[in-house]
Each structure stands twice: as structure tokens, then as C-alpha cells.
Amino acid sequence: LAKTTQPISMDSYEGQEVNITCSHNNIATNDYITWYQQFPSQGPRFIIQGYKTKVTNEVASLFIPADRKSSTLSLPRVSLSDTAVYYCLVGAGSGYSTLTFGKGTMLLVSP
Amino acid sequence: DAGVIQSPRHEVTEMGQEVTLRCKPISGHDYLFWYRQTMMRGLELLIYFNNNVPIDDSGMPEDRFSAKMPNASFSTLKIQPSEPRDSAVYFCASSLGGTSGDYEQYFGPGTRLTVT
């Protein structure tokens, strides 16, 4: 199973751009990279998914270098409501069993 | 769509009792997942189904845990007998499937289980 490493916590202020990097050195050829967000007392919520290069949607961007051994979730102009735990997942190319939630990154956004 | 529905939202029971958690996936989703979340172990995949058939139950902690999906709109996770170490938040999630690389899972609100 592809293992991921991401910072335990990050701090930011409202209006700033936040970049959370995830390392996944043993990513397999058919693995996808997926990010989820989780608020207290709620289930995780899908943010973005990618395979290579850059993916952008209405809430975030995902940057994946050519070697795919890491990825960076970029949140533009965060607000207090972005305070949450962010999980990086790698896998799924061979079935959902390979998708493993790690400890996640606790992002705290302050005024 | 109402999203993934789980019941009950909270369950408090005594050790040794049987506990049944229920889940209604999003209509049309082919995959259903059961997760458990604790502070110590994080979010763990227990079992998942494809078209009502269990595909991987390697995450089920022991024989006290069992899961069924009798039809496309209902699944249960049963713990018998329950133990204090089973206390956790149990999430159900559903997904359309892995076609075209779309692995997005939609999570329910969870069931907070406390075993005393």
C-alpha cells in the first residue's frame, strides 16, 4: 500500500494561500491522488483528485510533479471555515482497498 | 439527493450487548464502505461492497464484527458482543465506482458508538 506523509498541523491567517504537501514515494503507476477535508463531528468530504500535472476546481488546486512522489494541495485565500483536517490519499488504481486515510493535516485558520 | 443516511447518530450500550448500525447509500452508487474512526487509529476502512457483494473485509477487526448488504439501498454493520474498545465513530460512505478514475466517496454523518 502506498504510504503518505503529511504535516501533522499547519497554521494560517484569513486571506492567505495555504499549501499542504503530501509525500508518497512508493506511489504505483495506476494510483490516483485524492484529498479529503473533515470538519469535527462530520464525515470526510472530497476536495480534489488527480493523476498528474495540475488539477483545479472551484475550491482548490492540486499540483503533482512529473515523478508523482509528492503532491501539493493549494487552498487560495483561506477563511476561518477552512479550519479542518485535510487527508491525502494515494491508491485506488487497483481497487478501493488501497485507499488509506493517514493521520491528516490539521489546518487552523486564524483571523 | 439526501446523501448517505446513517442511523442511529448516537448509540450508547453496555459491554456484551449487540449493536447494529444502519446505512442507506446514495441511490445509484455501486460501492458502499464502512469506516471506523478513533483518535488513536484514525480512519480505518473495515469493509466495502460492490453491487451488494463484499469485496474486501480485511479491515474487519475480528469475528465479532459482521456486515451485510441485502440490497442496493441498505447495509448494516453489526457488533456482537460489543466491547468498550469498539467505542468509535462509524462512517458509511458510497461511491459511483472507479470508472474513468472517479473514486470520490460520499460520507454519511457517522454513528458515534459508546460501549460502557
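All of the points below concern the structure found in this document. Keep in mind that what you see is a predicted model, and the values were worked out from it rather than measured. (Residues numbered from 1 in each chain as written. Chains lettered and ligands numbered in written order. Predicted model: local features only at pLDDT ≥ 70, side-chain atom pairs only at ≥ 80, totals over all residues. Heavy atoms only, no water.)

**So, the state of the cysteines**
Thought 1: Considering all chains together, one arrives at 2 disulfides over all chains under this definition.
Thought 2: Across a sulfur-sulfur distance of 2.2 Å, A:Cys22 and A:Cys88 are joined as a disulfide pair. Residues A:Cys22 and A:Cys88 are joined by a disulfide whose S-S torsion is about -80°; by sign, that bridge is left-handed. Here A:Cys88 lies in strand β8 (residues 84-91) and A:Cys22 lies in strand β2 (residues 18-23), a separation of 66 residues in the sequence. Accessibility classification places A:Cys22 together with A:Cys88 in one group, the buried group.
Thought 3: The disulfide bridge from B:Cys23 ends at B:Cys92, spanning 1.9 Å between sulfur atoms. When the S-S torsion is -70°, as for the bridge of B:Cys23 with B:Cys92, the disulfide is left-handed. Here B:Cys23, found in strand β3 (residues 19-24), pairs with B:Cys92, found in strand β9 (residues 88-95); they are 69 residues apart in sequence, far enough to count as distant.
Thought 4: B:Cys92 sits in the buried class, given a relative accessible area of 0%. (Disulfide = S-S within 2.5 Å. Helix = DSSP H or I, 4+ residues; strand = E, 2+ residues; numbered from the N terminus. Buried < 20%, exposed > 50% of the residue type's maximum accessible area, 1.4 Å probe, protein only.)

**Describing the sheet that holds strand β7 (residues 65-71) of chain B**
Sheet strands pair by backbone hydrogen bonding; their relative direction is either parallel or antiparallel.
Residues and elements named next belong to chain B.
Thought 1: The antiparallel open sheet is built from 4 strands, whose spatial order is β1-β3-β8-β7. Only two strands of the sheet have a single partner each, and these edge strands are β1 (5-7) and β7. On average, each strand axis in the sheet is tilted by 15° relative to the strand beside it, whichever way the strands run.
Thought 2: Pairing of β1 with β3, which is carried by 3 bridges, proceeds in the antiparallel orientation. Along β3, the bridge assignment pairs serine 7 with arginine 22. (Pairing = 2+ DSSP bridges. Axes fitted to C-alpha atoms, helices over the stretch in contact; angles between N-to-C directions.)

**Topic: the environment of B:Pro109**
Thought 1: Within the secondary structure layout, B:Pro109 lies in the loop between β10 (105-107) and β11 (111-115).
Thought 2: Through-space distance from the C-alpha of B:Pro109 to that of B:Ile5 is 7.3 Å; in sequence the pair is 104 residues apart.
Thought 3: Those residues in contact with B:Pro109 that sit more than four places away from it in its chain are A:Ser41, B:Val4, B:Gln6, B:Arg9 and B:Phe91. (Contact = heavy atoms within 4.5 Å.)

**Comments concerning the side chain of B:Gln37**
Thought 1: Locating B:Gln37 in the fold gives a position in strand β4 (residues 31-38).
Thought 2: What B:Gln37 contacts, discounting residues up to four positions off in sequence, is A:Gln38, A:Tyr87, B:Gly42, B:Leu43, B:Ala88, B:Val89 and B:Phe91.

**Remarks on the side chain of B:Ser82**
Residues and elements named next belong to chain B.
Thought 1: As for its placement among the helices and strands, serine 82 is situated in the loop between β8 (74-79) and β9.
Thought 2: Here glutamate 14 takes part through its backbone oxygen, which lies 3.4 Å from a polar atom of the side chain of serine 82.
Thought 3: Among the polar contacts listed, one links the side chain of serine 82 to the backbone oxygen of glutamine 17, at a separation of 2.8 Å.
Thought 4: Excluding residues within four positions of it along the chain, serine 82 makes contact with Thr13, Glu14, Met15, Gly16, Gln17, Val19, Arg64 and Val115. (Polar contact = N/O pair within 3.5 Å; in protein donor to acceptor, adjacent residues only side chain to side chain.)

**What to know about the pairing of β4(B)**
All names here are of chain B.
Thought 1: Counting buried positions along β4 gives 7 out of 8 residues, so the element sits mostly inside the fold.
Thought 2: The pairing of β4 with strand β5 (residues 42-50) spans 8 bridges and is classified as antiparallel. The residue bridging tryptophan 34 from the neighbouring strand is isoleucine 47, located in β5.
Thought 3: The antiparallel pairing of β4 with β5 creates a hairpin that spans 3 residues between the two strands.
Thought 4: Looking at chain direction, β4 and β9 are connected through 7 bridges and run antiparallel.

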